[in-house]
Every structure is written in C-alpha cells, then in structure tokens.
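# Remarks on the overall topology
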Amino acid sequence: MIVRQRFSGAGRLCLLAGVALVAGALLFGHPLPALAGGFALGLLLFTAPGGRALERLRFLRLPPARLVEDEERVLDLEYAFAASLAPLGVVLRAAGPAAALEGATPALLPTLHGRLPILLRAQKRGRHDRISFEVQLRGAFGFRARTAQFEVPTDLWVLPRPRALRERVLEQMLALRPWGFERPQPAGPGDGEFYALREWRPGDAERRVHPRLSARRGRKVLRLFRGEAPPVVHLVVDLRFARDGRSFGRVDFDEAMRFAAGLTRSLLQRSIPLSLTLIEAAGARLACPAGCRDLHRFLGELALAKALPAKNAPDVPPLPAQTLVGRKVVLHLGLVDDASAPVEWLAIRVGAQRYFQLLDAQLGPPAVAGARHGA
C-alpha cells in the first residue's frame, strides 16, 4: 500500500482564507472575522484524515461477477477497519484496465467486516482475479487529502458484448427456417410429434401459434414439430492469425469475439442446437457441445480466447467427431483460404464483405472503420 499526502486547490484557498480572517481579527479587533476563522479552522481540524487511517484499512474481497463489456453493476466491496474513529470523505476510484470502479461514502464505519457499495463497469474482456483502485480521504473543502493504492481479490468475468446481426441475412446464409411451415399442421406419430416451443417471428404462420401459452406469456409462442426441428449449427472460431499480417491486431480480434458472441446469441434465441469449437495451438477443441443452452458458458469460452500467431495454413484442422453432422460456420482472422474451404462450410473472415453484410445496418461507424482491413 502506497500512502501519499497532498493539499488540494480548495484546501489551499481555505487555508489562505482562514489566515486572512485571523489577520483581520488581529488588525481590526472585530469579533466576526475571528469567529468565522475559528469555525473554519475547527471544521478543517475535525474532518482532517488521520495519519494512520489508511494504514488500518483493509479491503477483503470483491464478490464474483459476470458482466458483459461496458455493462455496469453495483457490487458490495467488503472491508475491515480496526479503529475507534471513522474516516470521513472516503472516495474510491479506478480507471481500469480490467474495469472502472467508483464509490464514495461520507463516513466509513469502524468494523471488522463491513460492506461499501461501489459501481463497477466492465472494460477488458477476460477473467480477472484482482482489481486495483485508489482510495482517497478528504477533509472539509478538500483540505489535507490522503491517497493510497489498494488491490482486492475477486473473480470477475468480462464477457464479449454480442454484436447485433441482420437476422434475415443470417437466416438466408444458414437456411435456418424450418421446412414445413407452408403445409397443414401435422398430427400423429413420426414427423408430427411435438418438438419444442419458440417465440413467434414475422413471416411465421399464425396457425402455429399456441393460444393459451401465448395469452399466459403476453406474447406469441409458436409450436414446432419433430419434422420441423431446426438444424444443428457447429460454430468454429479460428484463433490463429498470420504472424506477418498487418490487418488483424488486438482490436480486430476482440471484434471477432463480439461477432462470435452475436452469432451465438442469435442462434440460441432461435432454439437452434449450437456447438462451439475453438482452433488453438494444439488443434481443435470442443468448448461447448450441441446440447448446451447456457449463453454465459459460450461467452465465457470466448472471453478466455486469445489470438495465436501462426504460419499460413489454408485449411481447417481435423475437427471433433461431434461436428460431422450439421451446418458448419468457421469464423477466422484471415488464415483460412475461403476458396479452399469445403463446400459445406460457411467461412466468415473478419473485415470481409460477408462479415459486414451480417452486421446490423445501424452499426455503421464500426463497420466503416473496419473496412480498411479489407476482405
């Protein structure tokens, strides 16, 4: 812990004003300046932080949390303060890089186990086990401020923020619309067996709406049958990039993870079975099987993903056996040659025309900035 003491600008002005009032009382003999100066100096002395206040302060931990990038949440910071007098004017600040932190209290109560609410805003994608922040004690008018740096253990997951996608373009590329909606409602065994429920989307047949469940939820809910089950989609994220490539740096990689998160969220919202495979230095690893429906598990795997420099390799390495059946989408950073990819693969390169075609039209500025990287 590093403690440093300094006088703020407001503290210097208040000190000069107090000296001027005392000097005026001595010169003119009027009691009002003496009373005002004595009150100001007494207030400053009473509220001035003690020399050992920060040395006795201990921050225990910040509770574990999972936040999406730029998400804000109020958390309780646990602390211990073994002293008889409470420090006044406590301010907490942290600018990152993992997260931005803000908190303040007029008095920090002496206790062996206390909690201080702070506002935390996630910034850097990944998993962080420690957060550093600055604690400042201030007297009246900011006089005689003391500052110290603290570090607290935590388990903070900053998940990639899912990008908004053009759902209709995604639907056309992957042919995600279940077949059979134009036919009469099936009944009986086999293909007519009930499969699942999902929310109604524009273009769906009204006769497939479940009346009672829709009235209960307050929105239209559609029935799916066994023959209309959506296909399985295997999303493969290639973490490799060319070692000598100039187009794909850290910013592009984080943007690729946000795009993968957007694909994952869109497919899970459509009740489409989805698996996630990561191509790492040791080969392909199945991170999430097709039966997983937990969005946070997918985002957690993408949060821990790191870019891997590698030599040029035009093909995709062998994939797990679970990905042999179903639709396949590979998201890469330019290392995979789209022309040499298998026909059943939908290869999406970050910065390419197909990539921007899938992005929401309202997100124009990021797409224009990324267009410099080329297709």
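Residues numbered from 1 in each chain as written. Predicted model: local features only at pLDDT ≥ 70, side-chain atom pairs only at ≥ 80, totals over all residues. Heavy atoms only, no water.

## A short note on the confidence of the model for the chain
- Looking at the chain, the pLDDT average stands at 77 and 70% of residues meet or exceed 70.
- Across residues 178-191, confidence stays below pLDDT 50; counting only partners more than four residues off in sequence or on other chains, it has 32 contacts. (pLDDT = per-residue confidence, 0-100. Contact = heavy atoms within 4.5 Å.)

## Here's the deal with the environment of Leu 304
- One can find Leu 304 in helix H6 (residues 295-304).
- Residue class for Leu 304 comes out partly exposed when judged on its relative accessible area of 43%.
- Sequence spacing of Leu 304 and Arg 125 is 179 residues, and the spatial spacing of their C-alpha atoms is 7.8 Å.
- Setting aside residues up to four positions removed in sequence, Leu 304 forms contacts with Arg 125, Arg 127 and Trp 157. (Helix = DSSP H or I, 4+ residues; strand = E, 2+ residues; numbered from the N terminus. Buried < 20%, exposed > 50% of the residue type's maximum accessible area, 1.4 Å probe, protein only.)

## Topic: the nonpolar core
- Formed by 42 residues in total, the largest nonpolar core has its most connected members in Val 237, Met 257, Phe 259, Leu 276, Leu 302 and Ile 348.
- Here the element with the most residues in this core is helix H5 (residues 250-269); it accounts for 9 residues.
- For Met 257, the residues in contact, after removing those within four places along its chain, are Arg 125, Pro 160, Val 237, Leu 239, Leu 302 and Ala 305.
- Of all hydrophobic cores here, the second largest spans 31 residues; its members include Leu 57, Leu 101, Ile 118 and Phe 133. (Core = buried A, V, L, I, M, F, W, Y, C linked by side-chain atoms within 4.5 Å.)

## Concerning the environment of Ala 98
- Relative to the helices and strands, Ala 98 resides in the loop between strand S5 (88-94) and strand S6 (99-107).
- It is 9.0 Å that separates the C-alpha atoms of Ala 98 and Arg 121, two residues lying 23 residues apart in sequence.

## Regarding H6
- Restricting attention to buried positions, one finds in H6 the residues Phe 298, Leu 299, Gly 300, Glu 301, Leu 302 and Ala 303.
- Where H6 starts, the residue carrying a side-chain oxygen 3.1 Å from the main-chain nitrogen of His 296 turns out to be Asp 294. (Polar contact = N/O pair within 3.5 Å; in protein donor to acceptor, adjacent residues only side chain to side chain.)

## Focus on the pattern of salt bridges
- Scanning all chains against the criterion turns up 13 salt bridges.
- Two residues, Arg 130 and Glu 151, come together in a salt bridge whose shortest N-O distance is 2.9 Å. Here Glu 151 lies in strand S9 (residues 145-159) and Arg 130 lies in strand S8 (residues 126-137), a separation of 21 residues in the sequence.
- On the accessibility criterion, Arg 130 (40% relative accessible area) is partly exposed.
- Judged by its relative accessible area of 44%, Glu 151 is partly exposed. (Salt bridge = Lys/Arg side-chain N within 4 Å of Asp/Glu carboxyl O.)

## Looking at the sheet that holds strand S15 (residues 283-288)
- The mixed open sheet is built from 5 strands, whose spatial order is S15-S14-S12-S17-S18. Two strands close off the open sheet at either side, each with one partner strand: S15 and strand S18 (345-349). On average, each strand axis in the sheet is inclined to that of its neighbour by 25 degrees, with strand direction left out of account.
- Direction of pairing for strand S12 (residues 233-238) relative to strand S14 (residues 274-280): parallel, over a ladder of 6 bridges. Residue Val 233 lies in a different strand from S14, and its bridge partner there is Leu 274.
- Contacts from H6 reach S12, S14 and S15, with the element oriented near 10 degrees to S14. (Pairing = 2+ DSSP bridges. Axes fitted to C-alpha atoms, helices over the stretch in contact; angles between N-to-C directions.)

## Let's talk about the environment of Leu 112
- Within the fold, Leu 112 resides in strand S7 (residues 111-122).
- A relative accessible area of 71% places Leu 112 in the exposed class.
- Sequence separation between Leu 112 and Tyr 79 is 33 residues; the distance between their C-alpha atoms is 7.6 Å.
- When sequence neighbours within four positions are dropped, the list of residues in contact with Leu 112 reads Tyr 79 and Ala 80.

## Quick notes on unusual backbone geometry
- Not every positive phi belongs to a glycine, and Asp 70 is a case in point at roughly 70 degrees.
- Tracing the chain through its elements places Asp 70 in the loop between strand S3 (65-68) and strand S4 (72-81).
- Exposure remark for Asp 70: the relative accessible area of 46% places this residue in the partly exposed category.

## Concerning the side chain of Thr 154
- The topology assignment puts Thr 154 in strand S9.
- Its relative accessible area of 11% is what places Thr 154 among the buried residues.
- Polar side-chain contacts of Thr 154 include one of 3.0 Å to the backbone oxygen of Leu 62.
- Not counting chain neighbours up to four residues away, the residues in contact with Thr 154 comprise Leu 62, Pro 63, His 128, Asp 129, Arg 130 and Ile 131.

## Here's the deal with the side chain of Ser 275
- Along the chain, Ser 275 falls in strand S14.
- Residue Ser 275 is classed as buried on the basis of its relative accessible area of 1%.
- Side chain to side chain, Ser 275 and His 234 meet in a polar contact 2.6 Å long.
- In this structure Ser 275 touches Val 233, His 234, Leu 235, Leu 286, Cys 288, Pro 289, Ala 290, Phe 298 and Thr 323, once residues within four positions along its chain are discounted.

## Things to note about the packing of aromatic side chains
- One pass over the structure, following the stated rule, counts 5 aromatic pairs.
- For the ring pair Phe 59 and Phe 133, a centre distance of 5.1 Å and an interplane angle of 85 degrees mean the geometry is edge-to-face. Highlighted residues: Phe 59 in strand S2 (residues 57-61) and Phe 133 in strand S8, separated in sequence by 74 residues.
- The exposure class of Phe 133 is buried, given its relative accessible area of 1%.
- With centroids separated by 6.3 Å and ring planes inclined at 20 degrees, the aromatic side chains of Phe 133 and Phe 150 adopt a geometry described as stacked. (Phe/Tyr/Trp six-rings, centres within 6.5 Å; stacked < 30°, edge-to-face > 60°.)

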